[in-house]
Amino acid sequence: MGEDPFGINRQTIENIVAEIAQVSRLGVEIGVVIGGGNIFRGVAPGAAGMDRATADYMGMLATVMNALALQDAMRQAGISSRALSALNIEQVVEPYIRGKAIRYLEEGKIVIFAAGTGNPFFTTDTAAALRAIEINADVLLKATKVDGVYSDDPLRNPSAVRYKRLTFDKVLADKLNVMDATAIVMCRDNRLPLRVFNLNNPGDLTRIVRGEDLGTAVTFE
């Protein structure tokens, strides 16, 4: 949503596509799990007091809208991509099938995973961990607004300390705001390394893929 209160900011989506395009040119297979907060934020007041499952399904539909916007922006940039949805909306987007996702990745297409896990009560973070494990990803990269994991919110507390390295157990024990606990446990138990970085720093995504030590790495030990 960029600097807008909610919705899809065109410049922001083009910037994201440009970052992904740089990595794609390296020959790296890329899966993208996209959230829906930028859209759901606009309907949140009306969703107050709503049944949790209903609100979660609305959030999943918001991720489908974002996936379509991202896929179209990639098409305009000459990047081949496929959006796959955990919810069945076949007139709009292909249904998620693991084998199909892996085949698209092997063909060099960027796969955009929409609609979370397809189930209420699970976050987009958990969906990202699940999809990464399913496609045998080498690493899960969590794109945020800050350059890693801090001891406190760096936007509110200037003395917050950034961690360069963390273990999954420390994240859970100290209740650090990285991803929700379910996602962290899934990464830990399936030995999927995690790195948190700032997507707003141009070129950082490419530098991380090239092996530079940016952001915060979360590992097993």
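Residues numbered from 1 in each chain as written. Predicted model: local features only at pLDDT ≥ 70, side-chain atom pairs only at ≥ 80, totals over all residues. Heavy atoms only, no water.

Engineer: For the pairing of strand 10 (residues 216-219), give the residues involved together with the corresponding values.
Structural biologist: Alignment of strand 8 (residues 165-167) against strand 10, held across 3 bridges, turns out to be parallel. Bridged to threonine 167 within strand 10 is threonine 219. Relative to strand 10, strand 9 (residues 194-198) is paired through 3 bridges, and the arrangement is antiparallel. If you follow valine 196 over to strand 10, its bridge partner there is threonine 216. (Pairing = 2+ DSSP bridges. Helix = DSSP H or I, 4+ residues; strand = E, 2+ residues; numbered from the N terminus.)

Engineer: Account for the sheet that holds strand 1 (residues 31-33), naming residues and giving values.
Structural biologist: Pairing within the open sheet is parallel, and its 4 strands lie in the order 1-4-2-3. For this open sheet the edge positions go to strand 1 and strand 3 (94-95), each flanked by a neighbour on one side alone. Taken together, the 5 bridges between strand 2 (residues 81-85) and strand 4 (residues 110-114) define a ladder with parallel strand orientation. By the bridge assignment for strand 4, serine 85 is matched with alanine 114. Set on the sheet, helix 3 (residues 52-76) makes contact with strand 1, strand 2 and strand 4; between it and strand 4 the angle comes to about 165°. (Contact = heavy atoms within 4.5 Å. Axes fitted to C-alpha atoms, helices over the stretch in contact; angles between N-to-C directions.)

Engineer: Account for the pairing of strand 9, naming residues and giving values.
Structural biologist: With respect to burial, strand 9 is a largely interior element, 5 of its 5 residues being buried. Residues of strand 9 alternate between two faces, with Leu194, Val196 and Asn198 on one and Arg195 and Phe197 on the opposite face, all of them buried. Relative to strand 9, strand 5 (residues 140-144) runs parallel, the two sharing 5 bridges. Bridge assignment links alanine 143 to a residue of strand 9, and that residue is phenylalanine 197. (Buried < 20%, exposed > 50% of the residue type's maximum accessible area, 1.4 Å probe, protein only.)

Engineer: Explain the packing of aromatic side chains to me, and be specific about the residues and the numbers.
Structural biologist: Under the definition given, this model contains 2 aromatic pairs. Plain terms: the ring middles of tyrosine 96 and phenylalanine 113 are 5.8 Å apart, the flat faces sit at 70° to each other, and that makes the pair edge-to-face. Pair noted here: tyrosine 96 is in the loop between strand 3 and helix 4 (98-106) and phenylalanine 113 is in strand 4, with a separation of 17 residues, a long-range link. Considered together, tyrosine 96 and phenylalanine 113 belong to a single accessibility category, that of buried residues. (Phe/Tyr/Trp six-rings, centres within 6.5 Å; stacked < 30°, edge-to-face > 60°.)

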